[in-house]
Amino acid sequence: MKFLKYLLLVVVVVVAGLLIYAAMQPSDYEVTRTRTVQAPVEVVYNNVDDYRNWESWGPWAEQDPSMTYTYPEQTKGLGASYSWSGKDGNGSATTTVAVQNESLDNELDFDGVKANGFWKFKPVDNGTEVTWGIRAEDTPFIFKFFGAISGGYDNMMGPMFERGLERLDSVTQIEAKAYAEAMNSWSLGEVVKKPLEAQKFIGYAHSSKIADFEGMKAIFQESMPKAGTYVSQNGLQPGDYVPGAIYTKWDEEKGETDFMVGVFLHKDLSPAEGMRQMDLRKGNVVTLSKFGNYGTGNAEAHAAISKYIEDNELTANGPVYEMYMNDPTTVKPNEIQTDIYYPVNK
């Protein structure tokens with residue numbers, strides 16, 4: 001009988017000590033894991049950005065195969081969300097920050113326990129350095145308790161993040177192969193001559209060496225978002241404008257080009273400071289649609305238009321221009337549509 005009393009006393013002391021130890025755990029925490037994933041940053045980011053993909057690599061599925069998931073209409077991008085239900089409870093995640101190919105933040109709710117998840121993506125030579133983490137403040141006692149018996153928050157959640165990143169690596173390596181094929185594939189639509197209404201264009205003027213592909217790419221990456229931000233801040237919606245570029249000079253002999261990067265307007269808007277306006281007159285154009293990543297298939301597209309002009313005894317009459325018809329972040333690389341226009345004399 002005395003033994004049972006002593007045993008009970010030991011149990012009480014141990015439990016009390018554990019409860020005291022749990023109560024002494026910090027109310028705030030941050031747990032992160034980092035792994036170099038063998039895939040391009042675009043592939044990795046796009047996979048993590050869409051909650052529907054999380055089932056394929058999420059570590060919790062291994063711990064609880066009975067988990068069920070509920071998806072709303074929007075599962076990727078800012079404001080996306082999803083929820084789950086499993087043997088350990090219910091939860092939800094909502095995207096609060098989405099910076100393309102750079103970072104994602106998620107607001108997490110585990111049966112009323114709040115936390116913030118975060119992702120960082122950094123291109124490196126052999127793939128993408130991915131950091132996945134979670135942080136919280138005012139942690140409730142029950143969560144402190146589980147952290148205490150697990151040896152701390154890092155021991156409780158870190159292995160789960162490690163396993164998730166390991167599985168993400170495997171999944172995105174497979175996707176990267178298909179992505180590489182799509183990056184290098186392209187196709188051309190039919191070359192046609194048609195009348196076109198007058199066009200108003202506002203954009204930023206630049207000069208470059210034709211062979212300096214990386215330099216021109218950097219110009220587009222700087223000027224195109226700036227132009228898009230300007231029109232959006234002035235109340236224009238995507239249907240009110242089309243991103244594009246106009247090549248006012250293309251000198252193969254000197255290897256030089258002058259061009260403007262901006263937007264074709266369907267609604268009136270004055271150019272911002274530093275922008276220029278160009279008005280393209282009404283007339284006939286020879287045009288085609290090129291489908292493929294920027295920079296792929298361009299020579300073939302222009303050659304096809306030039307051949308059509310020559311075969312039909314037309315004369316180019318004005319600057320060549322391009323319209324970028326869809327968002328490259330929402331379609332596969334081989335589905336990116338660029339419409340190319342050559343004004344002609346008749």
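Residues numbered from 1 in each chain as written. Predicted model: local features only at pLDDT ≥ 70, side-chain atom pairs only at ≥ 80, totals over all residues. Heavy atoms only, no water.

Enquirer: What am I meant to see in the environment of M278 here?
Expert: Secondary-structure assignment places M278 in strand β13 (residues 276-280). Sequence-wise, M278 and G203 are 75 residues apart; in three dimensions their C-alpha atoms are separated by 8.3 Å. Residues within four places of M278 in sequence aside, it is in contact with Q199, K200, F201, I246, T248, M260 and P319. (Helix = DSSP H or I, 4+ residues; strand = E, 2+ residues; numbered from the N terminus. Contact = heavy atoms within 4.5 Å.)

Enquirer: How do you make sense of the sheet that holds strand β1 (residues 29-37) when you look at a structure like this?
Expert: The pairing of strands in a sheet comes from backbone hydrogen bonds and takes either a parallel or an antiparallel form. An order of β1-β7-β6-β5-β4-β3-β2 is seen for the seven strands of this open sheet, with the pairing classed as antiparallel. At either end of the open sheet lies a strand with only one pairing partner, and these are β1 and β2 (68-70). Neighbouring strand axes in the sheet, compared pairwise and without regard to direction, differ in orientation by 20 degrees on average. As paired elements, strand β6 (residues 113-124) and strand β7 (residues 127-136) share nine bridges and run antiparallel to each other. Residue pairing across strands places G117 opposite I134, the latter belonging to β7. The strands that helix α2 (residues 41-49) touches are β1, β4 (89-99), β5 (103-110), β6 and β7; relative to β6, the one it contacts most, it runs at about 165 degrees. (Pairing = 2+ DSSP bridges. Axes fitted to C-alpha atoms, helices over the stretch in contact; angles between N-to-C directions.)

Enquirer: What should I look at first to understand the pairing of strand β16 (residues 337-343) in this one?
Expert: In regular strands, side chains alternate between the two faces of the sheet. Of all seven residues in β16, six are buried, a share of seventy percent or more. Pairing of strand β14 (residues 283-292) with β16 involves seven bridges; the strand directions are antiparallel. Across the sheet, residue V286 finds its bridge partner in β16, namely Y342. Where strand β15 (residues 320-324) lies against β16, four bridges are found, and the strand directions are antiparallel. From the neighbouring strand, M323 faces β16, where its bridge partner is D339. (Buried < 20%, exposed > 50% of the residue type's maximum accessible area, 1.4 Å probe, protein only.)

The analysis is restricted to geometry; functional conclusions fall outside its scope.
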